[in-house]
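Architecture at a glance
Residues per chain are reported as follows:
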Amino acid sequence: MYVEENCFIENAANGNMVATAIGLYVNSYVYPTEEFYTRMAARGRNVQHNFTMLCLEWFRRLSECLIYDERNEASVKLAKRISEAIQYEPLERQKMANNWPSDCCFNFRNDAEAVRLFEKYLRLSEDNEEFIYTMLHGVHRTNQQSFSRLCLEWLKRAAEQSGRGRRYVVLARKAAKHYCYLPLA
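Residues numbered from 1 in each chain as written. Predicted model: local features only at pLDDT ≥ 70, side-chain atom pairs only at ≥ 80, totals over all residues. Heavy atoms only, no water.

**Quick notes on helix α2 (residues 34-41)**
Operational definition: Buried residues are those whose accessible area, probed at 1.4 Å on protein chains only, stays under 20% of the maximum for their type, while exposed residues exceed 50% and partly exposed ones sit between those limits. For the purposes of this entry, the term helix denotes a DSSP run of H or I that reaches at least four residues, the term strand denotes a run of E that reaches at least two, and both are numbered from the N terminus. What the arc covers is the set of directions going from the helix axis to the C-beta atoms. Throughout, a residue-residue contact means that at least one pair of heavy atoms, one from each residue, lies within 4.5 Å.
Turning to α2, its buried residues number three or more, namely F36, Y37 and M40. Burial along α2 is one-sided: seen end-on, the buried residues are contained in an arc of 90°. At its buried positions, α2 is contacted by α1 (15-26), α3 (45-62), α5 (111-124) and α7 (141-159).

As structure tokens, then:
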């Protein structure tokens, strides 16, 4: 069976569309690779900050999940530890220029395109509510585990950056203290 690797995203500010596309991305065999993290680290501070806030918000919301099974149990347990470490921290996003076109074609087997999609989403969307809701309720639990792994790896790398004047690095360090390998579901 042939699966189309490219999908058209009409509105990259739409958290539902982006979460569905990222669900495909994290479920596509070996993705993300080192290239994803290298490219994300090469983005501007505001993009890195907002992506870190998305990851932390994901773990905070996942920690509240009452219904889970062996496919995402490790993520939920980890999320509870991370959420406890950052429980009183506000997770505000940085303002960024949002004069980007809202549509895009996304190849879900490409790390560079995943980073571009995240950047576009973070620039155009108002908040992460719809993205996280879809990731929690509209994406397979195995993909939730894979998305948690992506976020955890990013937090580990963000924590290794110089923290001077970078709040997202400080928060990533608090979360990364709980780093552990998340098994494939």
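**Description of the pattern of salt bridges**
Put simply, the rule reads: Salt bridge, as used here: a side-chain nitrogen of Lys or Arg that lies within 4 Å of a carboxyl oxygen of Asp or Glu.
Taken as a whole, this structure holds 9 salt bridges when the rule is applied. With a closest N to O distance of 2.6 Å, E35 and R39 form a salt bridge. You can see E35 and its partner R39 sitting in helix α2, 4 residues apart, about one turn around the helix. Using a relative accessible area of 35% as the deciding quantity, one classes E35 as partly exposed. By relative accessible area, R39 is classed as partly exposed at 35%. In this structure, E119 engages R123 in a salt bridge whose closest nitrogen and oxygen atoms are separated by 3.1 Å. With E119 and R123 both in helix α5 and 4 residues apart, the pair spans about one turn of that helix. According to the relative accessible area criterion, R123 is buried, its value standing at 17%. Connected through salt bridges with shared partners, the residues E34, E153 and R157 form a single ionic network.

**Quick word on the nonpolar core**
We apply this condition: Buried residues of nine kinds, namely Ala, Val, Leu, Ile, Met, Phe, Trp, Tyr and Cys, make up a nonpolar core once their side-chain atoms join them within 4.5 Å.
Counting 57 residues, the largest nonpolar core has I22, F36, F51 and F131 as the members making the most contacts within it. Ignoring any residue separated from it by four or fewer positions in sequence, one finds F131 in contact with G15, V18, A19, I22, L54, F118, Y121 and F147.

**Focus on the side chain of T52**
Considering the arrangement of structural elements, one finds T52 in helix α3. Apart from the residues within four sequence positions on either side, T52 is in contact with W154, L155, A158, Y168 and A172.

**Here we look at the packing of α1 against helix α6 (residues 129-137)**
In a pair of packed helices, the angle between the axes and the distance between the axes together describe the arrangement. Keep this limit in mind: For helices, the fitted axis covers only the stretch in contact; all axes are lines through C-alpha atoms, and the angles between them, taken along N-to-C directions, range from 0 to 180 degrees. Note on terminology: angles under 35 degrees are roughly parallel, angles over 145 are roughly antiparallel, angles of 65 to 115 are roughly perpendicular, and the others are oblique. Throughout, a crossing is termed right-handed when the near helix is turned clockwise from the far one, and left-handed when it is turned anticlockwise from it by less than a right angle. Amino acids are sorted into nonpolar (Ala, Val, Leu, Ile, Met, Phe, Trp, Tyr, Cys and Pro), charged (Asp, Glu, Lys and Arg) and polar (every other residue, Gly among them).
Close contact between α1 and α6 brings their axes to 7 Å; oriented N to C, the two are set at 45°. As the angle between them shows, α1 and α6 are arranged oblique. Of the two possible hands of crossing, α1 and α6 adopt the one that is right-handed. The residues of α6 that touch α1, namely those facing G15, N16, V18, A19, T20, I22 and G23, are E130, F131, T134 and M135. Among the residues making up the contact of α1 with α6, the classes are represented as 5 nonpolar, 5 polar and 1 charged.

**Considerations on α3**
So the rule is basically this: Every helix has an expected span of 1.5 Å times one less than the residues it contains.
The end-to-end C-alpha distance of α3, which contains 18 residues, comes to 25 Å, matching closely the 26 Å that a straight helix rising 1.5 Å per residue would cover. A large share of α3 lies buried, amounting to 14 of its 18 residues.

**Some points on the packing of α3 against α7**
With their axes 10 Å apart at the nearest point, α3 and α7 run at an angle of 130° to one another. Of the possible angle classes, the one that applies to α3 and α7 is oblique. In this structure, α3 crosses over α7, and the sense of that crossing is left-handed. Residues Q48, F51, T52, C55, L56, W58, F59 and L62 of α3 lie in contact with α7, whose contacting residues are Q144, F147, S148, L150, C151, L152, W154, L155 and A158. Across the contact of α3 with α7, the residue classes break down as 13 nonpolar, 4 polar and no charged.

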